[in-house]
Amino acid sequence: MHSKGQVMMGFDAMGEKLLRRFAGGSSRRSLLSRLGAALVAAPVFPLLPVSRAEAAKPDRSPEAKTAFARSAQTKDDGKCDYWRYCAIDGALCTCCGGGIHSCPPGSEPSPVSWVGTCINPDDGKAYLIAYRDCCGKPTCGQCFCDNTDRETQLYVPQLNNDVIWCFGTSSMDYHCSTAVMVGAAS
Amino acid sequence: MHSKGQVMMGFDAMGEKLLRRFAGGSSRRSLLSRLGAALVAAPVFPLLPVSRAEAAKPDRSPEAKTAFARSAQTKDDGKCDYWRYCAIDGALCTCCGGGIHSCPPGSEPSPVSWVGTCINPDDGKAYLIAYRDCCGKPTCGQCFCDNTDRETQLYVPQLNNDVIWCFGTSSMDYHCSTAVMVGAAS
Amino acid sequence: MSRTVRSIFAAGLAIVFATAAAAAQTPPPAEVEAEISDTMTLPSPVPTWFFVDGGWDMPGTSIFDGETGKMKGMVETRRLADMAIDPNGRYYYVSETIWSKVDRGTRQDMVSVYDSKTLNLVTEIALPGRILIGSRKNNFIVSDDGRFGYIYDFSPTSAVNVVDLSKRKFVTAVELPGCASLIPNPGVGFSALCSDGSLATVAVRGAKADITHTAPFFAASDDPIFDNFAYDRAKKESVFLTYTGQIYTAKIGPTPTVSAPFSIQAAAGIRPGETKPLELNWYPGGRQPLALHRATGQLFVLMHMGEYWSHKASGSELWQVDLATQKVVKRFVLKEAMNNVEVTQTDKPLLFLNDEKGDGVILDAATGEEKHKIENAGGGIISVPAS
Amino acid sequence: MSRTVRSIFAAGLAIVFATAAAAAQTPPPAEVEAEISDTMTLPSPVPTWFFVDGGWDMPGTSIFDGETGKMKGMVETRRLADMAIDPNGRYYYVSETIWSKVDRGTRQDMVSVYDSKTLNLVTEIALPGRILIGSRKNNFIVSDDGRFGYIYDFSPTSAVNVVDLSKRKFVTAVELPGCASLIPNPGVGFSALCSDGSLATVAVRGAKADITHTAPFFAASDDPIFDNFAYDRAKKESVFLTYTGQIYTAKIGPTPTVSAPFSIQAAAGIRPGETKPLELNWYPGGRQPLALHRATGQLFVLMHMGEYWSHKASGSELWQVDLATQKVVKRFVLKEAMNNVEVTQTDKPLLFLNDEKGDGVILDAATGEEKHKIENAGGGIISVPAS
């Protein structure tokens, strides 16, 4: 039932297309100057002198692990304590007929999202997770989670998990959230 | 804060106006032939041979009283066991900024409604109660009640309390329900 | 552009657009595969699936696999919408009323058609109106061949809208005074229950309709038939249950016939239910108080202890009635009082029950064993694919 | 017309249209007065009223009288809408986004204007867009004189829509990269918090806007300021609270200045909060974790025990901070953990707190005594009229 035939276009093409779309057709360069808050960067948005050093070399020692990271598991992605869900907010798509990176039937993944940096307890490494909302169905009633590791406020929207992240989708109705592996955190 | 300046037009005028409205401008006579289920009659819709005798002379002896009637009170119209609420379903307008026959601000009473026949424990008599829905605001969150004395099914709609009784109002959004004294039951 | 924001770009940090570009610009170590997002699809409706409406409080009808208890997807039903399953398994139909500005603006009544494999909206069929009530199985029915949809309207005059689902267009509105709660009537049109205690039959021929009535057989105001009754398309029979517990079987056809009723309480060896208050007894109750396993003629009824006029009360027991022998063959004691019940039409039937809070359980109908408990499943009515 | 229905009319029974005509045609005994239906009105917003948004699960903002605990009415806010109260008391404004077919069709962004006495819709002011997030006090603010509304937009570029509320028309959209969470800035325009840790100030002159920034003063990613902060229009000051518990006061004007912060934990005589996990402490948390009694400079903060990054956790205590002396003067232990708090601007302040289930309590701020408990009050943010 997992249809690869419906896979979205590759990230490079998608990113570029969306950039143009949101820019109303303007060039990529002029767009970049406008994006501001819509940009999503590495684990911690590295803007602040006070935090840059910390962000560059995340401390993954047991002492620095959050309560979530210390008790996270890697076996069941239908539970709130699955390791990738360290900053998820909403219904888990894995409980709603979808998968960890798959939207339930009839819903559509938002190409833009908020992100988290979560530690996989199996290897102790940190990974960048994109929490892509699935959009276009009413809110799924299953497996509500609200984890808040490094989750910030609205003026840093790419690290805020309350925003309805349904941009560039045909409907902005929030259905559920996925936790897509993007890569190792630097 | 109870504004009589906003009182609706008298019932005679209202009834006639609505009759024409629902008939799409046709005459009253041709309309009556179409109304069918929309008609509301005395306490029990006196159509059925099996029930007509009973309906004509309701038995108000203690033995015939429903569980609701036996425990109903006449002091607090903000409680589900207030005597007029014997067949109400929904939020009590008395808890939502309205009154027993008054809609909360910004909502509008439906001129048509379902009805109940409730016994006032103070005099032991039965009265005809019109449960007029107030329409045009989201559902009030206070004092949900669902009493079902003589409440029937959809094919007898004037005795069914699940229908959204918002007809002839500018919005059909259900806000709360009132319990309007219409008269003594025959 | 502010000084601060300009400096962000000037710094040449690894700024990326969304996480999409992040993956492209900062390639992960070889062992980490960046995942791509996609969307699942479904097979045609499976006989072990339950379709649970969210009810008043929760939008959407969630599809649960009775075997695993897992959710498979959701059909977009909002409060007061009615869903029907295409008997051919290709579509889910939603009869709904939408205002252009939520509670104000222009009213739009329609049947929305969803593809059963993708759950995507295929098209909308405009309607002249429909009733706003919700929690009813029989206000939107589909003919056994899947060709026609019948949608009850109440404005507050009573009518039925006929829709040609294959041509996807509205055909006609049939005025039906004093009747509601529809039953497919193959080759004829539809039947309905009436306030005079009769069963009406509407023969639809194009835009014309002839209405006939049986003799009155039940007391619509004193001992009403629950309007969420059951219909068996294989036998062309409807099973009716009244507030007191009388069970009727109606043979549906051009001239329907109704059996003599029997009492569910008598079938269990106790005193039949009465309309008089004060007399404590077991009564049927809930919103969807009965479910029929068609092939075996087993009727499952939610029962509670109480007085008459308690017909919305949730059931603390589920009684299994064998319609052929008119006996209650089993009484299941429920852990929580339940408001709705449905049963799969499979050889090993599964029961789905939900309560007023919206929590659900799946029981093995043979043993009563609780197979799955599903919190927040939805508090509305439950459907299964036609057998 | 069917035989059955015709016979109803032929019988000449006392058939009436709705209950309206019933009263007219069958006059009740002299002692029974048939009542008429009407609609209530309200006074202008009263300082002891609380406006409680239903939050994610419940539409509408319910108005509760803090003295009696009774509901007075409801403003039509749907999920993700933002409400603002006209400082002059004549209107309630709702910034909302509506699709023409609920979740599909045409998007319509607007400020809907309601009369405060009738709660009727007066007009709609169309907007080019707005953010969908909900539970925020500072995404839709009104200037202190009531003339302008500022509505945050995120598409996902960051902007603020300026609306002339007196002329009831959209004026301009100001791009505001990297900033959000708005503060009225009288005579200037508005200010906002930014991801670089600065406070931006936007001077609006007609369709033009000049943006300036303070120096960065807080760590937006490591120790963020809760975006549901407080604003005091009498003093033209904002009070900010960070995740660790640092409290800042910002003087709002053409060139805002921000005070040195102090720690709420230190103000209570305990170790200040830290960003490092493992260290257990009392932390502020919730959706709307602070409320300011402006006249007396008393700040009420929801506090819970836990580790850092637990900023959404409900508070098991409410701490009262005297901003002048920088001391925690009282710690209220709450019966239930609460997620939002607001306080009336009256001489005898009342507190409203609600929890994630949507239940609310009204406390006397002087004694902590529970005056009223309101079930299902709504789980969203709480507003009071400006003092």
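All of these numbers come straight from a predicted model, not from anything done at the bench.

Draft legend 1. Just the overall build of chain C, in detail. Secondary structure assignment for chain C yields three helices and 32 strands. For the C-alpha atoms alone, the extent of chain C along its principal axes is close to 85 × 50 × 35 Å. In chain C, buried positions account for 65% of the 387 residues. Pairs at least 24 apart in sequence give 44% of the contacts found in chain C among residues at least 6 apart. When the accessible surface of chain C is summed, it comes to about 13500 Å², and 52% of that surface belongs to carbon and sulfur atoms.

Draft legend 2. Up close: the overall build of chain A. Looking only at helices and strands, one finds four helices and ten strands in chain A. From first element to last, N terminus to C terminus, chain A shows the α and β order α-α-β-α-α-β-β-β-β-β-β-β-β-β. In chain A, which comprises 186 residues, the share counted as buried stands at 66%. Looking at chain A alone, contacts between residues at least 24 apart form 67% of all its contacts between residues at least 6 apart. A total of about 6300 Å² of accessible surface is found on chain A, and carbon and sulfur atoms cover 53% of it.

Draft legend 3. Broad picture of the sheet that holds strand β7 (residues 91–101) of chain C. All names here are of chain C. Spatial ordering of the open sheet is given by β6-β7-β8-β9, a layout of four strands whose pairing is antiparallel. Edge positions in the sheet fall to β6 (82–85) and β9 (121–127), since each of these pairs with one other strand and no more. Adjacent strand axes in the sheet meet at a mean angle of 30° when their direction is disregarded. In this sheet, β7 lies alongside β6 in antiparallel orientation, the contact comprising four bridges. By the bridge assignment for β7, isoleucine 85 is matched with tyrosine 92.

Draft legend 4. Examining the nonpolar core more closely. Tyr131 of chain B, Phe190, Leu193 and Phe240 of chain C together with Phe352 of chain D are the most contacted members of the largest nonpolar core, which has 92 residues in total. Among the elements that take part in this core, strand β6 (residues 125–131) of chain B stands out by supplying five residues, more than any other. Residues within four places of leucine 193 of chain C in sequence aside, it is in contact with Tyr155 of chain B together with Gly178, Cys179, Ala180, Ser181, Ser198, Leu199, Phe217, Phe218, Ile225, Phe229 and Phe240 of chain C. Core analysis: the next-biggest nonpolar cluster, separate from the first, contains 91 residues, Leu92 and Leu154 of chain A together with Trp99 and Val160 of chain D among them.

Draft legend 5. Representation of the state of the cysteines. All names here are of chain B. One pass over the structure, following the stated rule, counts 16 disulfides over all chains. What pairs with cysteine 80 in a disulfide is cysteine 145, and their sulfur atoms sit 2.0 Å apart. Linking cysteine 80 and cysteine 145, the disulfide has an S-S dihedral of approximately -85° and is accordingly described as left-handed. Residue cysteine 80 is found in the loop between α4 (67–71) and β2 (89–91), and its partner cysteine 145 is found in strand β8 (residues 144–146); the two are separated by 65 residues along the sequence. Overall, cysteine 145 belongs to the buried group, its relative accessible area being 5%.

Draft legend 6. Seen up close, the confidence of the model for chain A. With 67% of its residues at a pLDDT of 70 or more, chain A shows a mean pLDDT of 76. Overall, residues 1–56 of chain A carries pLDDT values under 50, and its contacts beyond four positions in sequence, including any with other chains, amount to 125 contacts.

Draft legend 7. Inspection of the packing of aromatic side chains at higher detail. Across all of its chains, the model carries 50 aromatic pairs over all chains by this definition. Measuring from ring centre to ring centre gives 6.2 Å for tyrosine 174 of chain B and tryptophan 56 of chain C, while their planes differ by 80°; the resulting arrangement is edge-to-face. Residue tyrosine 174 of chain B is located in strand β9 (residues 174–177), and its partner tryptophan 56 of chain C is located in the loop between β3 (49–53) and β4 (61–65); the two belong to separate chains. For the pair phenylalanine 217 of chain C and tyrosine 248 of chain C, a centre-to-centre distance of 5.2 Å together with 75° between the ring planes defines the contact as edge-to-face. Of this pair, phenylalanine 217 of chain C sits in the loop between β17 (208–213) and β18 (230–232) while tyrosine 248 of chain C sits in strand β20 (residues 246–251), and the two are 31 residues apart along the sequence. Residue class for phenylalanine 217 of chain C comes out buried when judged on its relative accessible area of 18%.

Draft legend 8. Representation of the pattern of salt bridges. If you walk through the whole model with that rule in mind, you get 56 salt bridges over all chains. A salt bridge links lysine 251 of chain D to glutamate 237 of chain D, with the shortest nitrogen-to-oxygen separation between them at 3.8 Å. With a gap of 14 residues between them, lysine 251 of chain D in strand β20 (residues 246–251) and glutamate 237 of chain D in strand β19 (residues 237–241) connect regions that are remote in the sequence. Close ionic contact of arginine 331 of chain D with glutamate 317 of chain D constitutes a salt bridge, the shortest N to O distance being 2.8 Å. With a gap of 14 residues between them, arginine 331 of chain D in strand β27 (residues 327–338) and glutamate 317 of chain D in strand β26 (residues 315–322) connect regions that are remote in the sequence. On the basis of relative accessible area, arginine 331 of chain D is assigned to the partly exposed category, the value being 36%. Under the relative-accessibility criterion, glutamate 317 of chain D is labelled buried at 10%. Several salt bridges converge on common partners, so that one network encompasses Asp89, Asp146 and Asp162 of chain A together with Arg136, Asp227, Arg287 and Lys312 of chain D.

Draft legend 9. Representation of the pairing of β4 of chain C within the structure. Residue and element names in this part refer to chain C. Most of β4 sits inside the fold, with five of its five residues counted as buried. Neither face of β4 is exposed, since Thr61, Ile63 and Asp65 on one face and Ser62 and Phe64 on the opposite face are all buried. With five bridges connecting them, β3 and β4 associate as antiparallel partners. By the bridge assignment, tryptophan 49 is partnered in β4 with aspartate 65. Pairing of β4 with strand β5 (residues 71–75) involves four bridges; the strand directions are antiparallel. In the sheet register, isoleucine 63 faces β5, and the bridge partner there is glycine 73. Linking β4 to β5, which pair antiparallel, is a turn of five residues; within it glycine 69 sits at a positive phi near 80°.

Here is what the cut-offs are and how they apply
- Residues numbered from 1 in each chain as written.
- Chains lettered and ligands numbered in written order.
- Predicted model: local features only at pLDDT ≥ 70, side-chain atom pairs only at ≥ 80, totals over all residues.
- Heavy atoms only, no water.
- Helix = DSSP H or I, 4+ residues; strand = E, 2+ residues; numbered from the N terminus.
- Buried < 20%, exposed > 50% of the residue type's maximum accessible area, 1.4 Å probe, protein only.
- Contact = heavy atoms within 4.5 Å.
- Areas by Shrake-Rupley, 256 points an atom, 1.4 Å probe, with all protein chains shown as cover.
- Pairing = 2+ DSSP bridges.
- Axes fitted to C-alpha atoms, helices over the stretch in contact; angles between N-to-C directions.
- Core = buried A, V, L, I, M, F, W, Y, C linked by side-chain atoms within 4.5 Å.
- Disulfide = S-S within 2.5 Å.
- pLDDT = per-residue confidence, 0-100.
- Phe/Tyr/Trp six-rings, centres within 6.5 Å; stacked < 30°, edge-to-face > 60°.
- Salt bridge = Lys/Arg side-chain N within 4 Å of Asp/Glu carboxyl O.

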